[in-house]
Amino acid sequence: MDGEQRPLKLATGCMGCFTLAAGVRIIAGIDFFQGMLTVALGLLVFMMPEHFKGHALAHHYLYNETTMLAVFVMSAIGGVSAWFAWCAIRGVRDVDAKLLWRFFLWKAGRAFFFSLLLFSDVWKTIGTPVLGNYMTLFLVATAWRIYLLWIIFSLHERINNNDVDMASGAGYTREDLDEHMPIVP
């Protein structure tokens, strides 16, 4: 690491008031909560569709298969998101760079996919008065996702280098590092 140049400057904190470890823990906690709520909502839709439509359950599943498929896919994505968030929470607690890397890759994939979806909707707004508002939404949402990825990546890199000073700057105590890091000089 003596003369090595970093292509990306690592973050030193999250939102100006949290350590990197606390920031990633908050990001992962929100992701976990959102994923579990998505699964719970999907289960509610699957369990009680006749309550809302007034038809038999078989009738609802037979004639609303597109809706049921969408609910199933969103519930599956919510479950996977909750699992990756749980990996990140464990990774922050156990100072494990591999678990944080899994969470980073999941968040990067989701950020790319959702930004692509938002951008694909821009074409629908060309020539309408909402184009400026939609472009602002696209830019702010994409910038926020990139910032969160930078925070997660920074914590991963600080842990992955096995450098006590870098990991200490991320919000870990010396006791945490002695217990969990494989090589502590």
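To start, this report covers the structure provided alongside it. Please read all numbers here as calculations on a predicted model, not as lab measurements.

A count of helical and extended segments in the protein gives eight helices and zero strands. Element order for the protein, N to C, with α for helix and β for strand: α-α-α-α-α-α-α-α. Counting the 185 residues in the protein, one finds 34% classified as buried. Summarising the internal contacts of the protein: among those between residues at least 6 apart in sequence, 64% fall at separations of at least 24.

Bringing the side chain of Thr142 into the picture now. Relative to the assigned elements, Thr142 resides in helix 6 (residues 131–160). On the basis of relative accessible area, Thr142 is assigned to the buried category, the value being 16%. Polar side-chain contacts of Thr142 include one of 2.8 Å to the backbone oxygen of Phe138.

Two side chains carrying opposite charge are able to pair once their charged atoms lie near each other. For the structure on display, the rule yields two salt bridges. We note a salt bridge from Asp31 to Lys107, for which the minimum N-O separation is 3.3 Å. Of this pair, Asp31 sits in helix 1 (residues 20–47) while Lys107 sits in helix 5 (residues 97–125), and the two are 76 residues apart along the sequence. Taken as a pair, Asp31 and Lys107 share a single burial class, namely buried. Taking the shortest distance from any N to any O, the salt bridge between Arg93 and Asp94 comes out at 3.0 Å. You can call Arg93 partly exposed: its relative accessible area is 48%. Residue Asp94 is classed as partly exposed on the basis of its relative accessible area of 24%.

Helix 6 packs onto helix 1 with a crossing angle of 130° between their chain directions and a minimal axis gap of 9 Å. By the angle class used here, helix 1 and helix 6 are oblique. Crossing of helix 1 against helix 6: the hand is left-handed. Taken together, the residues of helix 6 that come into contact with helix 1 (itself represented by Leu20, Ala21, Val24 and Ile27) are Leu148, Ile151, Ile152, Ser154, Leu155 and Arg158. Of the residues belonging to the contact of helix 1 with helix 6, the class tally is eight nonpolar, one polar and one charged.

Running from N to C, helix 1 and helix 4 (residues 65–94) cross one another at 155°; their axes reach a closest spacing of 7 Å. By the angle class used here, helix 1 and helix 4 are roughly antiparallel. Here the hand of the crossing between helix 1 and helix 4 comes out left-handed. Of the residues contributing to the contact of helix 1 with helix 4, the split by class is 18 nonpolar, nine polar and two charged.

Procedures and definitions
Residues numbered from 1 in each chain as written. Predicted model: local features only at pLDDT ≥ 70, side-chain atom pairs only at ≥ 80, totals over all residues. Heavy atoms only, no water. Helix = DSSP H or I, 4+ residues; strand = E, 2+ residues; numbered from the N terminus. Buried < 20%, exposed > 50% of the residue type's maximum accessible area, 1.4 Å probe, protein only. Contact = heavy atoms within 4.5 Å. Polar contact = N/O pair within 3.5 Å; in protein donor to acceptor, adjacent residues only side chain to side chain. Salt bridge = Lys/Arg side-chain N within 4 Å of Asp/Glu carboxyl O. Axes fitted to C-alpha atoms, helices over the stretch in contact; angles between N-to-C directions. Parallel < 35°, antiparallel > 145°, perpendicular 65-115°, else oblique. Left-handed = near helix turned anticlockwise from the far one by under 90°. Nonpolar A, V, L, I, M, F, W, Y, C, P; charged D, E, K, R; others polar.

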